[in-house]
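Architecture and fold: a report
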Amino acid sequence: MARKRFDDSSCSVARALNEVGDWWSLLIVLHAMYGTRRFVDFQQELGIAKNILCDRLARLVDNEVLRKVDVGEHGSRFEYRLTEKGRDLFPVVIALRQWGDKWNPAPDEPPLDLRDRATGRPIHTVEVQDADGQALSIRDVFVPDESLPARKKNSA
């Protein structure tokens with residue numbers, strides 16, 4: 001069964017999920033953020049089948065989340081590196097990690113201790129903030145009518 005695509009959706013979340021919405025893709029991006037670059041290292045660290053890894057890497061390259069770089073050591077050898085688009089997923093991955101640590105923590109293991117490289121201090125929880133830096137919850141935000149897609153306005 002083919003997976004539904006949302007290329008023409010007006011929802012940016014749906015369109016983003018087209019590019020990185022399956023768990024293997026996000027885990028590959030996460031490991032790329034940790035510094036993994038080689039196919040064999042992704043495979044070993046993730047325990048992913050070669051055909052699935054090959055497919056996900058190709059999709060991430062096609063979607064410009066990763067770039068494939070020929071490092072040319074002893075013939076053809078490639079590495080996968082995050083693009084700016086891929087690096088922009090950092091807050092998304094951190095927010096998902098923090099959500100998972102809160103709602104589905106690893107049994108008998110503490111959460112990963114992420115720290116600011118410059119200061120050594122722990123990072124804050126990712127949050128949505130207003131223009132003055134104050135935390136906002138889902139109840140504190142709204143979508144103006146002019147931002148809603150036409151079909152939503154007409155059905156109200």
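Residues numbered from 1 in each chain as written. Predicted model: local features only at pLDDT ≥ 70, side-chain atom pairs only at ≥ 80, totals over all residues. Heavy atoms only, no water.

Remarks on the pattern of salt bridges
- Tallied over the entire structure, the rule returns 9 salt bridges.
- The partner of Arg38 in a salt bridge is Asp41, with the nearest N and O atoms 3.6 Å apart.
- Accessibility expressed as a relative area gives 30% for Arg38, which makes it partly exposed.
- Residue classification places Asp41 among the partly exposed positions, given a relative accessible area of 23%. (Salt bridge = Lys/Arg side-chain N within 4 Å of Asp/Glu carboxyl O. Buried < 20%, exposed > 50% of the residue type's maximum accessible area, 1.4 Å probe, protein only.)

Notes on the environment of Ile48
- Structurally, the position occupied by Ile48 is in the loop between α3 (39-46) and α4 (50-62).
- Since its relative accessible area comes to 2%, Ile48 is described here as buried.
- Expressed as a C-alpha distance, the spacing of Ile48 and Trp24, which sit 24 residues apart in the sequence, is 8.2 Å. (Helix = DSSP H or I, 4+ residues; strand = E, 2+ residues; numbered from the N terminus.)

Comments concerning a nonpolar patch on the surface
- There is a patch of nonpolar side chains on the surface, built from Leu96, Trp99 and Trp103 and spanning about 410 Å² of accessible area.
- Mapped onto the fold, Trp99 is located in helix α6 (residues 90-103).
- Using a relative accessible area of 53% as the deciding quantity, one classes Trp99 as exposed. (Patch = residues over 30% accessible without salt bridge, like charges linked within 9 Å, V, L, I, M, F, W, Y side chains within 5 Å. Areas by Shrake-Rupley, 256 points an atom, 1.4 Å probe, with all protein chains shown as cover.)

Thoughts on helix α1 (residues 12-20)
- Within the sequence span of α1, burial applies to Ala14, Asn18 and Val20.
- Among the structural elements, α2 (23-33) and α4 are those in contact with the buried residues of α1. (Contact = heavy atoms within 4.5 Å.)

Thoughts on the side chain of Asp22
- Relative to the helices and strands, Asp22 is located in the loop between α1 and α2.
- By relative accessible area, Asp22 is classed as buried at 14%.
- Beyond its immediate chain neighbours, meaning those up to four positions away, Asp22 contacts Arg56 and Arg59.

What to know about the confidence of the model for the chain
- In this model, the chain carries a mean pLDDT of 88, and residues with pLDDT of at least 70 account for 88%.
- When the elements of the chain are averaged for pLDDT, helix α7 (residues 150-154) gives the smallest value, 53, and helix α5 (residues 84-87) the largest, 98. (pLDDT = per-residue confidence, 0-100.)

With respect to unusual backbone geometry
- Positioned with a positive phi, Glu64 is a non-glycine residue whose angle comes to about 60°.
- When you line up the elements, Glu64 lands in the loop between α4 and β1 (66-70).
- Of the residues examined, Glu64 reaches a relative accessible area of 55% and is grouped as exposed.
- With a phi angle near 65°, Asp108 is a residue other than glycine that sits in the positive phi range.
- Assignment of secondary structure puts Asp108 in the loop between α6 and β3 (128-129).

Topic: the packing of α2 against α3
- Here α2 crosses α3 at 115°, and the two axes come no closer than 11 Å. Comparing the axis directions of α2 and α3 gives the class roughly perpendicular. Note that α2 runs across α3; the crossing there is right-handed. Between α2 and α3, the residues in contact are Trp24, Leu27, Ile28, His31 and Ala32 and Phe42, Glu45 and Leu46, respectively.
- Among the residues forming the contact of α2 with α3, the class breakdown is 6 nonpolar, 1 polar and 1 charged. (Axes fitted to C-alpha atoms, helices over the stretch in contact; angles between N-to-C directions. Parallel < 35°, antiparallel > 145°, perpendicular 65-115°, else oblique. Left-handed = near helix turned anticlockwise from the far one by under 90°. Nonpolar A, V, L, I, M, F, W, Y, C, P; charged D, E, K, R; others polar.)

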